[in-house]
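For reference, the chains in residue letters:
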Amino acid sequence: MALAVCLVVGLITWFIPTPSGLEPAAWHLFAIFLVTIVGIIGKAAPMGALSVIAMALCAATGVVAPDGDAGDRISQALSGFSNSTIWLIVSAFFAARAVIASGLGERLAYLFVKVFGRSTIGLAYGLGLADLLTSPAIPSNTARSGYVYPVMMSVARAFGSEPGRPETHRRLGSYLALTTYNLNLAVSVIFFTGAAPNAMASRLAAVAGVQVSWPGWLMASVVPGLIGVIAVPLVIYRLNRPEIRRTPDASAMASRELRRLGPVTAHEWTTLAVFVCMIVLWVIGDSFMSATTVALLGLGALLLTGALTWEQMKAEKSAWDTLTWFAALVMMGTALNDLGFIGWLGEHVGGMMGGLGTITAFAALTGVYALTHYLFASGTAHTASMFSVFLGVGLALGLPGVPLTVLLGAIPTLMGCLTHYGNGPAPLYFGSGYVELGAWWRTGLVLGVVHMAIWLVAGPIWWNVIGVW
């Protein structure tokens, strides 16, 4: 059914007369892009498969190189695979496997529980800090949930919250499930490599002439991002107050688990050292070495030391999948901009919002963008389908490029709070059974409003301080 809908949408769009001011190739490329996005949203096929089909159609129809020959067309259709930002994210995905395989991620999670776990809120912050500490080097919040989620479940069960017993959920389980998931989202937007939509937004913005580097993203996001991290456990505590407020036994439980893990292994030390070096070099910035070069060198070091194996890399399906869909979507986004489609759409939509002040227009544009996440089950799909359009509108309205890029890049991840399907880890935490659907959606809506309020109030103040607003 979803595939049939995609074909109908594509054919209708393709044969609609090209709007005035656009080249036929731009409109036909938009038709292919639209079909791909509708297919991703409707899950007509896996994202990787849809991306390969889209690249083949772009090459076969020649829409990405209307004046070129057959060789130019296929080269342009495959050009996304040479994008350095894509290889930065994919390399980080591979390197992240070492954190999980070595046990370093689980050890860090229990360590933070041991230090902060004397109260319920402290437990939440402890798990969130473990997530935050590893987020610069693991661009998948779903992957980070792979070691944070089991620790959260162990702690909840230790205090009598059992998934199959609803009468025990309010003791601790519902609060920890909500806070751990939403902290996972909140920490993902602080670092450039914290989530795939961040890097995708940066790359698509670069096509429009807005440059946001690894340290530049951190500088723009750190204040509103950290305020959001601080606010999440407090807001959820207010909305879903747990029956257990003090958890002195959590530290003892974490100590037992750390003893079970044994001494820190050589692979854990190696992985930690490599990631610290990578983060330091990323912070220094491109003036010394490009972020992608740093990621590839770190990946090579992990392979040489045996902390990561080639077999583990081959088994990292999410990385190979990301490489494929990222390359296709970035290629089409770049071509749409080069052919004038994004500028044309931005001018037309922006004309409807003319006359609004900078702050009002910024809030209206990002607010609408945030609400559209109800339509998406993936931050990546949200970014791929709508980021360029909203960025184009914002730039046409004269809004500041760097803050607009960072907030539009962060929203698809932050707004994963809205629904139980809004981001990769959502089904995992909702599937724990600790939170009822209504409570999840109500809490998510409040958190969405809180996140937007923080970014729209604290954001402009901070961006003025650092000179990007």
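Just above sits the structure.
Residues numbered from 1 in each chain as written. Predicted model: local features only at pLDDT ≥ 70, side-chain atom pairs only at ≥ 80, totals over all residues. Heavy atoms only, no water.

S.K.: Which parts of the structure should I look at to understand the environment of Ala 54?
M.R.: On the secondary structure map, Ala 54 appears in helix H3 (residues 47–61). On a C-alpha basis, the gap between Ala 54 and Thr 270 in space is 40 Å, while along the polypeptide they are 216 residues apart. If we ignore the near neighbours within four places in the chain, the residues touching Ala 54 are Ile 32, Thr 36 and Met 332. (Helix = DSSP H or I, 4+ residues; strand = E, 2+ residues; numbered from the N terminus. Contact = heavy atoms within 4.5 Å.)

S.K.: Got a minute to help me understand the packing of helix H6 (residues 104–116) against helix H12 (residues 248–261) in this structure?
M.R.: The description of two packed helices rests on the angle between their axes and on the distance between the axes. Between H6 and H12, whose axes approach to 8 Å, the crossing angle comes to 150 degrees. As judged from the angle between their axes, H6 and H12 are roughly antiparallel. Along this stretch, H6 crosses H12, giving a crossing that reads as left-handed. Contact residues: Glu 106, Arg 107, Tyr 110, Leu 111, Val 113 and Lys 114 in H6; Ala 250, Ser 251, Met 253, Ala 254, Ser 255, Glu 257, Leu 258, Arg 260 and Leu 261 in H12. In the contact of H6 with H12, the residues fall into eight nonpolar, two polar and five charged. (Axes fitted to C-alpha atoms, helices over the stretch in contact; angles between N-to-C directions. Parallel < 35°, antiparallel > 145°, perpendicular 65-115°, else oblique. Left-handed = near helix turned anticlockwise from the far one by under 90°. Nonpolar A, V, L, I, M, F, W, Y, C, P; charged D, E, K, R; others polar.)

S.K.: Just to check I follow, could you spell out the environment of Pro 427 for this structure?
M.R.: Take Pro 427: it is sitting in helix H21 (residues 426–430). Under the relative-accessibility criterion, Pro 427 is labelled partly exposed at 49%. Distance in space between the C-alpha atoms of Pro 427 and Ala 124 is 19 Å, their sequence separation being 303 residues. (Buried < 20%, exposed > 50% of the residue type's maximum accessible area, 1.4 Å probe, protein only.)

S.K.: Before we go on, may I ask you to explain the side chain of Thr 193 in this structure?
M.R.: Residue position: Thr 193 is located in the loop between helix H9 (169–188) and helix H10 (196–207). A residue is classified by how much of its surface remains accessible, and Thr 193, at 0% relative accessible area, is buried. In terms of polar contacts, Thr 193 uses its side chain to reach the backbone carbonyl oxygen of Pro 136, at 2.2 Å. Within the structure, Thr 193 has its side chain in polar contact with the side chain of Trp 214 (distance 3.1 Å). Other than its neighbours up to four places away in sequence, Thr 193 contacts Leu 88, Ile 89, Ser 135, Pro 136, Ala 137, Ile 138, Pro 139, Trp 214 and Trp 282. (Polar contact = N/O pair within 3.5 Å; in protein donor to acceptor, adjacent residues only side chain to side chain.)

S.K.: It is not clear to me how the packing of aromatic side chains should be interpreted in this structure. Could you clarify?
M.R.: Each aromatic ring pair is characterised by the separation of its centres together with the angle its planes make. In this structure the tally under the stated criterion is 14 aromatic pairs. Both rings, one in Tyr 369 and one in Phe 390, keep their centres 4.9 Å apart while their planes meet at 50 degrees; by these two values the pair is tilted. Placement of Tyr 369 in helix H18 (residues 358–371) and of Phe 390 in helix H19 (residues 379–396) is noted, with a sequence separation of 21 residues between them. Here Tyr 369 matches Phe 390 in class, with each residue buried. Three or more aromatic residues joined by ring pairs form one cluster here, namely Tyr 181, Tyr 429, Phe 430 and Trp 440. (Phe/Tyr/Trp six-rings, centres within 6.5 Å; stacked < 30°, edge-to-face > 60°.)

S.K.: It is not clear to me how the nonpolar core should be interpreted in this structure. Could you clarify?
M.R.: Soluble, globular proteins show a tendency: their nonpolar side chains are buried together. Membership of the largest hydrophobic core comes to 149 residues, with the highest contact counts inside it found for Cys 58, Val 155, Leu 329, Met 332 and Trp 455. Tallying contributions element by element places helix H16 (residues 317–338) first for this core, with 12 residues. Sequence-distant contacts of Trp 455, that is, excluding residues within four places in its chain, are made with Val 189, Ser 221, Pro 224, Gly 225, Val 406, Leu 407, Ala 410, Leu 414, Pro 460 and Trp 463. (Core = buried A, V, L, I, M, F, W, Y, C linked by side-chain atoms within 4.5 Å.)

S.K.: Would you take a moment to explain the pattern of salt bridges for this structure?
M.R.: If charged atoms from side chains of opposite charge come close, those side chains can pair. All told, the structure shown has three salt bridges when counted by the stated rule. For Arg 107, the salt bridge is made with Glu 268, and the minimal N-O distance between the two is 2.7 Å. Here Glu 268 lies in helix H13 (residues 266–284) and Arg 107 lies in helix H6, a separation of 161 residues in the sequence. Judged by relative accessible area, which is 11%, Arg 107 ranks as buried. Judged by its relative accessible area of 2%, Glu 268 falls in the buried class. Linking Glu 257 and Arg 260 is a salt bridge whose minimum nitrogen-to-oxygen distance equals 2.7 Å. Taken together, the positions of Glu 257 and Arg 260, both in helix H12 and three residues apart, correspond to about one turn of that helix. (Salt bridge = Lys/Arg side-chain N within 4 Å of Asp/Glu carboxyl O.)

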